[in-house]
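In case you want the letters, here they are:
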Amino acid sequence: MGSEVYTKVLIIGSGPAGYSAAVYAARANLEPILVSGLEPGGQLMITTDVENYPGFADVIQGPWLMEQMRLQAEHVGTKIIQDHITHVDFSKRPFVCRGEDGKTYKAETLIVCTGAQAKWLGLESEIKFRGFGVSGCATCDGFFFRGKEVAVVGGGNTAVEEALYMTNHASKVTLIHRRNQLRAEKILQERLFKNPKIQVIWDHVVEEVMGDENPLTVTGVRLKNQKSGAVQTLPVDGVFIAIGHIPNTKIFKGALELDEEGYIVGSPLTSETNIKGVFAAGDVRDKVYRQAVTAAGMGCMGALDAATFLQDEGIV
């Protein structure tokens, strides 16, 4: 193909952050182009029931919400291109990005909204029940397990925080860790061990998520002892995988400042990065909240920051 396009605002990524950035940039008459990426819609495309996004009294579906955001972005004037950015050059402006299909994108400003992916165990049964009792986000889905027993898998800060959070909803929380000690901060460990709703199973890994077929429902997990090899079944109604996230920043390594985990480093009060004219929003830089609503808010910030930058540069 090898064609070239120019835009004042290029948005990479199409989750809540990307679509929100597109809406605000389009309404500012900046004629943004959004490149959707490999997984249009982001993590909400694999989220069934969404009950915590403002504005909806009834439970909505994640894919439906993303479709509505996409339609809104297009309605106000965003041009959406189905492509995947594979290379970026921020050495001069306009910035140059190249897509998988050979297209070159030149942009005066760039808003990175490529998101992050939850790490999974890699089990077939885990994939089967994802969204039907298996989750990667307690604050997203914990409400659906009120009064039920759940398991949290992991041993770092994320796992301990998820386990503590789930005590607000579940009747019992079992933390499953493959080692005999946690990696989490000591203050979090103290809170965990003091909580009467939490028990810890040490030196075990999840071999299989067990459940019913019709409807798909989690009923338990099969665990294997790392030392003895003994197998046991733990009855639970839900399983939260909390072994970390991977930000989608591989193509920005060497081009943007990243922290030790790969998240984009930026100003705490703006969407700015270490490169003037390049902004970042959503889970690609947020390792704390990781919610659709916070990602959308950051997308708005990215568009407003980009508009201000373009005005200051005399481009608009």
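Residues numbered from 1 in each chain as written. Predicted model: local features only at pLDDT ≥ 70, side-chain atom pairs only at ≥ 80, totals over all residues. Heavy atoms only, no water.

Description of the overall build of the protein
No. 1: Scanning the protein for helices and strands turns up 7 helices and 19 strands.
No. 2: A globule of 316 residues ought to have a C-alpha radius of gyration of about 20 Å, and the protein, at 21 Å, matches this closely.
No. 3: Overall size of the protein, expressed as C-alpha extent along the three principal axes, is 65 × 40 × 35 Å.
No. 4: Here the protein holds 316 residues, and 49% of them are scored as buried.
No. 5: When the accessible surface of the protein is totalled, it reaches about 15400 Å², and 50% of it is carbon and sulfur.
No. 6: Taken together, the 31 basic and 37 acidic charged side chains of the protein have centroids lying 4 Å from each other. (Helix = DSSP H or I, 4+ residues; strand = E, 2+ residues; numbered from the N terminus. Rg over C-alpha atoms; globule rule 2.2 N^0.38 Å. Buried < 20%, exposed > 50% of the residue type's maximum accessible area, 1.4 Å probe, protein only. Areas by Shrake-Rupley, 256 points an atom, 1.4 Å probe, with all protein chains shown as cover. Lys, Arg positive; Asp, Glu negative; His and termini not counted. Charge placed at Lys NZ, Arg CZ, Asp CG, Glu CD.)

Overview of a positive patch on the surface
No. 1: On the surface, a cluster of positive charge is made up of Lys119, Arg178, Arg179 and Arg183.
No. 2: Relative to the helices and strands, Arg178 resides in the loop between strand 12 (172-176) and helix 6 (186-194). (Patch = residues over 30% accessible without salt bridge, like charges linked within 9 Å, V, L, I, M, F, W, Y side chains within 5 Å. Salt bridge = Lys/Arg side-chain N within 4 Å of Asp/Glu carboxyl O.)

Observations regarding helix 1 (residues 16-27)
No. 1: In this model helix 1 runs 17 Å from its N-terminal to its C-terminal C-alpha over 12 residues, within 8% of the 16 Å that 1.5 Å per residue would give.
No. 2: Within helix 1, 10 of the 12 residues are buried, leaving the element largely enclosed by the surrounding structure.
No. 3: Taken as a whole, helix 1 has its buried residues at Pro16, Ala17, Gly18, Tyr19, Ser20, Ala21, Ala22, Val23, Ala25 and Ala26.
No. 4: Buried-residue contacts for helix 1 involve strand 1 (4-12), strand 2 (33-35), helix 2 (62-75), strand 5 (79-81), strand 8 (104-112) and helix 7 (292-312).
No. 5: Positive phi shows up at Asn29, right after helix 1, with a value of about 60 degrees. (Expected span 1.5 Å × (residues − 1). Contact = heavy atoms within 4.5 Å.)

Considerations on the environment of His177
No. 1: Looking at the secondary structure, you find His177 in the loop between strand 12 and helix 6.
No. 2: Between the alpha carbons of His177 and Val200 there is a distance of 7.6 Å; along the sequence they are 23 residues apart.
No. 3: Setting aside chain neighbours within four positions, we find His177 in contact with Gly154, Gly155, Leu182, Arg183, Ile201, Trp202, Asp203 and His204.

Examining the pairing of strand 17 (residues 238-241)
No. 1: The side-chain alternation of strand 17 yields two buried faces, one formed by Gly238 and Phe240 and the other by Val239 and Ile241.
No. 2: Where strand 10 (residues 134-135) and strand 17 come together, 2 bridges link them in parallel fashion. Bridged to Ser135 within strand 17 is Phe240.
No. 3: In this structure, strand 11 (residues 149-153) lies alongside strand 17, joined through 4 bridges in parallel fashion. Its bridge partner being in strand 17, Val152 is matched across the sheet by Phe240. (Pairing = 2+ DSSP bridges.)

Overview of the pattern of salt bridges
No. 1: As enumerated under the stated definition, the model contains 13 salt bridges in all.
No. 2: When the shortest N-O distance is used, the salt bridge between Glu208 and Arg222 registers 2.3 Å. With Glu208 in strand 14 (residues 204-212) and Arg222 in strand 15 (residues 217-225), this pair connects stretches of sequence that are 14 residues apart.
No. 3: By relative accessible area, which is 28% here, Glu208 ends up partly exposed.
No. 4: Take Arg222: its relative accessible area is 28%, and that puts it in the partly exposed class.
No. 5: Residue Lys287 pairs with Asp259 through a salt bridge whose shortest N-O separation is 2.6 Å. You can see Lys287 sitting in the loop between strand 19 (278-280) and helix 7 and its partner Asp259 sitting in the loop between strand 18 (245-247) and strand 19, a full 28 residues away along the chain.
No. 6: Through salt bridges with shared partners, a single ionic network connects Glu67, Arg70 and Glu74.

Considering the nonpolar core
No. 1: Membership of the largest hydrophobic core comes to 31 residues, with the highest contact counts inside it found for Val9, Ile11, Tyr19, Leu65 and Ile111.
No. 2: Within the residue set of this core, elements represented by two or more residues are strand 1, helix 1, helix 2 and helix 7.
No. 3: The dominant element in this core, judged by the number of residues it contributes, is helix 7, at 8 residues.
No. 4: Once you skip the residues sitting within four places of it in the chain, Ile11 turns out to touch Gly18, Ala21, Ala22, Pro32, Ile33, Leu34, Val35, Ile111 and Cys113.
No. 5: Grouped together as the second largest cluster of nonpolar side chains are 22 residues, Val35, Ile85, Phe90 and Leu110 included. (Core = buried A, V, L, I, M, F, W, Y, C linked by side-chain atoms within 4.5 Å.)

Observations regarding the sheet that holds strand 12
No. 1: Strand order in the open sheet made by the 5 strands is 10-17-11-12-13, with parallel pairing throughout. Sheet topology places strand 10 and strand 13 (198-201) at the edges, where each strand pairs with a single neighbour.
No. 2: Of the strands in this sheet, strand 11, strand 12, strand 13 and strand 17 are in contact with helix 5 (residues 157-166), which crosses strand 11 at around 170 degrees. (Axes fitted to C-alpha atoms, helices over the stretch in contact; angles between N-to-C directions.)

Remember, this is a structural readout, not a statement about activity or role.
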